[in-house]
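# Architecture at a glance
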Amino acid sequence: MSRTYRALLRLAPRELRERHGAAMDELFAERLSAARGPAARMGVWAHALTDLLQARVASWHTAGAPLTVQIDERTSLMAGSDIRYAWRALLRQKGATTLVVCMLALGIAGDVAVFSVVNGLFLRPFPFPHPERLVSINTRAPKWNLDIVGINYPDFAIWRRDQKLFEAITTYQEANFNVADASGATQVLGALITYEFPTVLGVEPVLGRSFTAAEDTPKGPLVVLLSTALWRERFGADPSAVGRAIRLDGIARTIVGVMPPEASFPDDIKLWIPLQGDPAQSYQSYDGDGIGRLRAGVTAEQADADLRRAHQPVWDAADKTHLVTPFARALRETYVRNFRSAARTIMAAVAVLLLIACANVAAVMLARAVARRREMGIRLALGSTRARLLRQLLIENVMLALAGGVAGFMAGRWAVAALVALIPNQLPPWAAITIDARVIAFSFATVAATVVVFGWAPALHAIGGDLRSAVTATTNGTTGAPRGRRTLWALVGGEFALAAAMLVCAMLMLKAFDRVRHVDPGFRPDHVLAFAVPLSEGTRPKPEQQTAFWRDLLPNLRALPGVDAAGLISCAPLAGCHRGNFFTVETALPRPDGKDPVVLTRYASAGYFEAMGIRLKRGRVFTQADERSASAHAVVVDETFVRTFWGQGADGLGRRLKPRDSNGDWFTVVGVVGDVKHYGLEQPTRPGLYFPLDLNPQPTLTVAIHAAQDPATLLPTIRDVLHRLDPEIPLVRVRTMDEAIRRSTALRSAQSWMLGVFATLAFVLAIGGAYGVATYLVTQRTREIGIRVALGACTEDVLRSVVAHGLGVVLGGVAAGLVASVFLAGLLGDALFGVSTHDAGVLTFVSVVLVTTALVANGVPARRAARIDPMRTLRTE
Amino acid sequence: MTDVSLKPHWFYILLALADGERHGLAIARDVQALSGGAVKLWPATLYGSLDELRARGWIEELPEHPEQESERRRYYRMTRAGSAMLTDEAERLGRLARLAKARVRTADTR
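Residues numbered from 1 in each chain as written. Chains lettered and ligands numbered in written order. Predicted model: local features only at pLDDT ≥ 70, side-chain atom pairs only at ≥ 80, totals over all residues.

### Quick word on the overall build of chain A
Operational definition: Strands here mean DSSP runs of E at least two residues long; helices mean DSSP runs of H or I at least four residues long; both are numbered from the N terminus. Every C-beta atom is placed from the backbone, and the number of other C-beta atoms within 10 Å of a residue's own sets its class: buried at 20 or more, exposed at 12 or fewer, partly exposed in between. What counts as a contact is two residues whose backbone-derived C-beta atoms lie within 7 Å of each other.
Helix and strand counts for chain A stand at 26 helices and 23 strands. In chain A, which comprises 877 residues, the proportion classed as buried is 40%. The long-range share in chain A, meaning contacts at least 24 apart out of those at least 6 apart in sequence, stands at 83%.

Okay, structure coming up:
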């Protein structure tokens, strides 16, 4: 059953609807489900809509039954006749009607689409009870320049004991687990959680139970909670799964329960195990994220202060300089920050587009109204009241707006689907982007506002003023009312100002996007394949075993046909990972701000730099020799590191460094490599360094392979190699580096693309508006032009007189738009990526394009008028 | 009502009902099949026509539903008047077709 069709049924005559509504819906549903593809479905909707409207129109012809049952029958009959009259008036002006409906539809479609996205991201609550009471908890270290440090479990244990304003707090760490069974090995995303996690979110297991406090203690039992998805996939949703075992990372764990889908927060978590943290652990590991549920009536600010109070014992005991500070803030803020500025820009673009569409509608309506002054005058003279005329004009506008609204809503549904398809991997999983009641209400409110603001003014204009002159004026005789003309030109000028501003912003964004795309990533993206290989700590608990595996893997991969380099890295570029450390650096320059820079620390094998195509600037990269003798203490740093610690122009080779607070050996810089855009093409680079891999054996590493052919074709043979070494090990996060770059710019690309589309639409609307108004005014002046030509004016004279005024208006509009654009572009801020807000090329391009097209839009109707045979125009009078 | 020429979709609806009683959805499917997919009746047209034909007394609604069928569906059958209309119309169309064939043949030979 289609709810939209149900709503549309209101268009049909009431009797029909009441008698057959359900059956009609059934037939419609059958047709819709038979339609294949979006185009066919749109066709069905269009047919159904026309069908309903036809039924309504037919009922006016038969007009046997009373129209409505209202209190005042006379009024209702008059409203009925008004509707019929309006219908005929709209049909008579097919061109203008289509134009208005299309323009309204366009503006509304954009609104619906963008509002749906904004609604999904910012307005719709999280799928938990009392979502407004959820806060995210973490720590920051201002002195180290870190906004988010992570949660250290012993600190969390103290907060848990001392906090007063939370119902509960929890900390969790996401982790990958290898799940192996007869069907093969896969990796799933899971989370280590404290036992409060379900309580904080307010979710209950759908089957079994969640963890007890006793299970969440060091050396606790090996238990696991499954997500509904994993339970279905692995156990076919069998209730007896609870109590059975599942092998994770080579260790059997007992399933105690199944969680509902919404518990998979914040990412697509498939299973949970107890964190089993030790409050007395000797080391610090800031690996946790946190969520808290506030007591009723507590604000995020109060909770923030409460957390700091609870943290006091930590400061007193271990952190006298207040290096790390805990904080709490509204949960949504943590997850939508990336989207906020993008969404704001698009919202502004849509608002401007709607404004232009409305101005266009107003211009067309005004032109119609001016053209109908005579009709209105006659009706007034015949005894009609002004109120009656106004009501009739209003009914016309409402009908127009309704048609535009319905068409816009349909197009908007399609646009939402297109939008979601554009930014698939960037959206958080809980952000459901659908058209809900709020979106519908929003778009119809827009329609209503458009009608009231842009429909009434021209209506008043049409029936105001001097009646007698209106009656005596011939429709295509002398020049129309000057007041109407001025308003028309003002609207056109305004449209051009808005379109110019929007075009400039869109062009700047496209230029910025182009700049971002041409940023040097610091590695060679083509023909490089990267994938992660996670080892199970269950089967290879010892570092030596892990090292041995990696040693076996590399030669096997290098031996594959077509592979010319292969290497391992702990944290690949654009993979969203980060490990920062502080270093004591010999002969480092003093820091002016006293802040110690965080250094991005990676572990690389021999061959990695060659495979990834990272440029060697000086010295050498790691060799097999470095791997075999970790005692060589070699380190490779990047250029930003050299610049940050030793200043511009320093060489760096041979200098020494060591981890801060370490009493161990110094490491000697053996090579300097180019910077890599590790965090994204638009993100600033941090100083970074690479240690030889064997220093710190890792359970999960990323393999980078450079091949002569398309590296994706190597995948099957790579899987074979891995399967031969260990059938329980999966291969995850497979991507080519080209793809990684594309994904990292997907949000920006979607934003620029959409802005470009909106700006083009704005441009088309503005040109259409200019053309429409020019045509209308020229038609009004046909007689005058005829006289001029008869008196000897040549085509150029006529052209000049018609075009000059229109062009003046356009020039004024464009100039105002360009000035405004400089301020508007300033609001885009960082999104411009260093492109100047008054980029000369863009400003010139936009003005030239707008003025040239405006010239054509004005010139075409003027030319047509000048060619008219003067005798014919004069004779028709 | 002296207007003899039937609207095309009325003709098809009557044609569908000539085979026996049906509900609206079945009529729509029948009409589509009978016309080889050329005539698709959309909801308001279909049910509007059914009401109209009923008002003219050419079809009537069955007082009760056949067993094991959905409650809300209304069933229709053709009346004697409707049957006569259909026959008349078929004859008229037949005459028209014969006339057209004859004319086209003379046009060809000329």
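This is not the end of the story, as more comes after the structure.
### Observations concerning the overall build of chain B
Along chain B, the regular secondary structure elements total four helices and three strands. Traced from its N-terminal end to its C-terminal end, chain B shows the element sequence α-β-α-α-β-β-α. Going through the 110 residues of chain B one by one, you find that 28% of them count as buried. Residue pairs at least 24 apart in sequence account for 48% of intrachain contacts in chain B once pairs closer than 6 positions are excluded.

### Remarks on the nonpolar core
Residues and elements named next belong to chain A. The test is simple: Here, a nonpolar core denotes buried Ala, Val, Leu, Ile, Met, Phe, Trp, Tyr and Cys residues that are linked to one another through C-beta atoms within 7 Å. Residue ranges for the domains originate in an automatic or database domain assignment.
Counting residues in hydrophobic clusters, the biggest one holds 134 residues, and the most contacted among them are A499, A500, M502, V504 and A762. When residues of this core are assigned to their parent elements, the largest contribution, 20 residues, is made by helix α15 (residues 482-517). The residues that make up this core include at least three from each of domain 1 (1-65) and domain 2 (75-110 + 339-514 + 748-875). Each residue touching A499, except ones within four places of it in the same chain, is listed here: I356, A762, F763, A766, G817 and L850. With 61 residues, the next largest nonpolar core counts V533, Y608, A611 and A704 among its residues.

### Some points on the interface of chain B and chain A
For clarity, the threshold we go by: Throughout this entry, Asp, Glu, Lys and Arg are counted as charged residues, while Ala, Val, Leu, Ile, Met, Phe, Trp, Tyr, Cys and Pro are counted as nonpolar. The remaining residues, Gly among them, count as polar.
Taken together, the 13 residues of chain B in the interface contact 17 residues of chain A. Among the elements of the structure, α2 (24-34) and α3 (43-55) of chain B are those that each provide at least two residues to the side of chain B that touches chain A. Counting residues per element, the side of chain B that touches chain A draws most heavily on α3 of chain B, which supplies seven residues. Class assignment for the residues of the side of chain B that touches chain A results in seven nonpolar, three polar and three charged.

### Quick notes on helix α24 (residues 795-828) of chain A
Residue and element names in this part refer to chain A. Worth spelling out the cut-off: Between the first and last residue of a helix there are one fewer steps than residues, each counted as 1.5 Å, and that sum is the expected span. Throughout, the bend at a residue refers to the angle made by two axes, fitted to the seven residues ending there and to the seven starting there.
Between the first and last C-alpha of α24 there are 47 Å, a value that for 34 residues agrees with the 50 Å anticipated at 1.5 Å per step. In the structure, α24 departs most strongly from a straight axis at S821, where the bend amounts to approximately 30 degrees. Residue G829 follows α24 closely and has a positive phi angle near 55 degrees.

### Details of helix α2 (residues 14-34) of chain A
Structural remark: α-helix, 3.6 residues per turn; residues separated by three or four positions point the same way. Within α2 of chain A, the axis deviates most sharply at H20 of chain A, by approximately 80 degrees. Of the residues making up α2 of chain A, those classed as buried are L16, H20, A23, M24, E26, L27, F28 and R31 of chain A.

### Some remarks on the sheet that holds strand β2 (residues 59-61) of chain B
Strands in a sheet are paired, the pairing made by backbone hydrogen bonds, and the direction either parallel or antiparallel. Residues and elements named next belong to chain B. For the record, the criterion: Here a strand pair is declared whenever DSSP counts at least two bridges between the two strands.
Strand order in the open sheet made by the three strands is β1-β3-β2, with antiparallel pairing throughout. Whereas interior strands pair on both sides, the edge strands pair on one side only; in this sheet they are β1 (22-23) and β2. The pairing of β1 with strand β3 (residues 75-78) spans two bridges and is classified as antiparallel. Bridge pairing links R22 to Y76 in β3.

### Quick notes on the packing of α2 of chain A against α3 of chain B
Rule in force here: To get an axis, a line is fitted to the C-alpha atoms, and for a helix only the part in contact is used. The angle between two axes follows their N-to-C directions and goes from 0 to 180 degrees. Geometric relationships in this document are graded by angle, where less than 35 degrees denotes roughly parallel, more than 145 denotes roughly antiparallel, 65 to 115 denotes roughly perpendicular, and other angles denote oblique. Crossings are sorted by hand: turned counterclockwise from the far helix by less than a right angle, the near helix makes the crossing left-handed, and turned clockwise it makes it right-handed.
The geometry of α2 of chain A relative to α3 of chain B is characterised by a closest axis approach of 9 Å and an angle of 135 degrees between their N-to-C directions. On the basis of their axis angle, the class for α2 of chain A and α3 of chain B is oblique. The crossing of α2 of chain A and α3 of chain B is right-handed. Residue-level inspection shows L16, H20, A23, M24, L27 and F28 of chain A of α2 of chain A in contact with α3 of chain B, the latter providing P43, A44, L46, Y47, G48 and D51 of chain B. Looking at side-chain class alone, the contact of α2 of chain A with α3 of chain B contains nine nonpolar, two polar and one charged residues.

### Observations regarding unusual backbone geometry
Glycine aside, a negative phi is what most residues show, and trans is what most peptide bonds show. Residues and elements named next belong to chain A. Here the phi dihedral of H322 falls at roughly 55 degrees; this positive angle occurs in a residue that is not glycine. You can see H322 is positioned in the loop between α9 (300-318) and β11 (325-330). Located in the positive-phi region is F833, a residue other than glycine, with phi close to 55 degrees. Among the structural elements, F833 can be located in the loop between α24 and α25 (840-867). Judged by local crowding, F833 falls into the partly exposed class, with 18 C-beta atoms found within 10 Å.

### Focus: the environment of L353 of chain A
All names here are of chain A. Relative to the elements of secondary structure, L353 occurs in helix α10 (residues 331-371). Residue classification places L353 among the buried positions, given that 25 C-beta atoms sit within 10 Å. C-alpha separation for the pair L353 and M502, spaced 149 residues apart in sequence, amounts to 8.5 Å.

### Some words on the packing of helix α1 (residues 8-17) of chain B against α3 of chain B
Between two packed helices, both the angle of their axes relative to each other and the distance between the axes serve to describe the pair. All names here are of chain B. Running from N to C, α1 and α3 cross one another at 75 degrees; their axes reach a closest spacing of 11 Å. With respect to α3, the axis of α1 lies roughly perpendicular. Contacts between α1 and α3 involve H9, W10 and I13 from the first element and T45, S49 and L53 from the second.

### As for the pairing of strand β12 (residues 528-534) of chain A
Residues and elements named next belong to chain A. Counting buried positions along β12 gives seven out of seven residues, so the element sits mostly inside the fold. Burial along β12 is two-sided: the face carrying V528, A530, A532 and P534 and the face carrying L529, F531 and V533 are both buried. Where β12 meets strand β22 (residues 700-707), seven bridges bridge the pair, whose relative direction is antiparallel. When the bridges of β22 are listed, A532 appears paired with T702. Sheet analysis places β12 next to strand β23 (residues 732-736), joined by three bridges and oriented antiparallel. Within the sheet, the bridge partner assigned to L529 lies in β23 and is T736.

### Some details on the confidence of the model for chain B
For the record, the criterion: Scored between 0 and 100, pLDDT is the confidence that the predictor attaches to each residue.
In this model, chain B carries an average pLDDT of 82, and 85% of its residues clear a pLDDT of 70 or more. Here the predicted complex carries an ipTM of 0.86, next to a pTM of 0.62.

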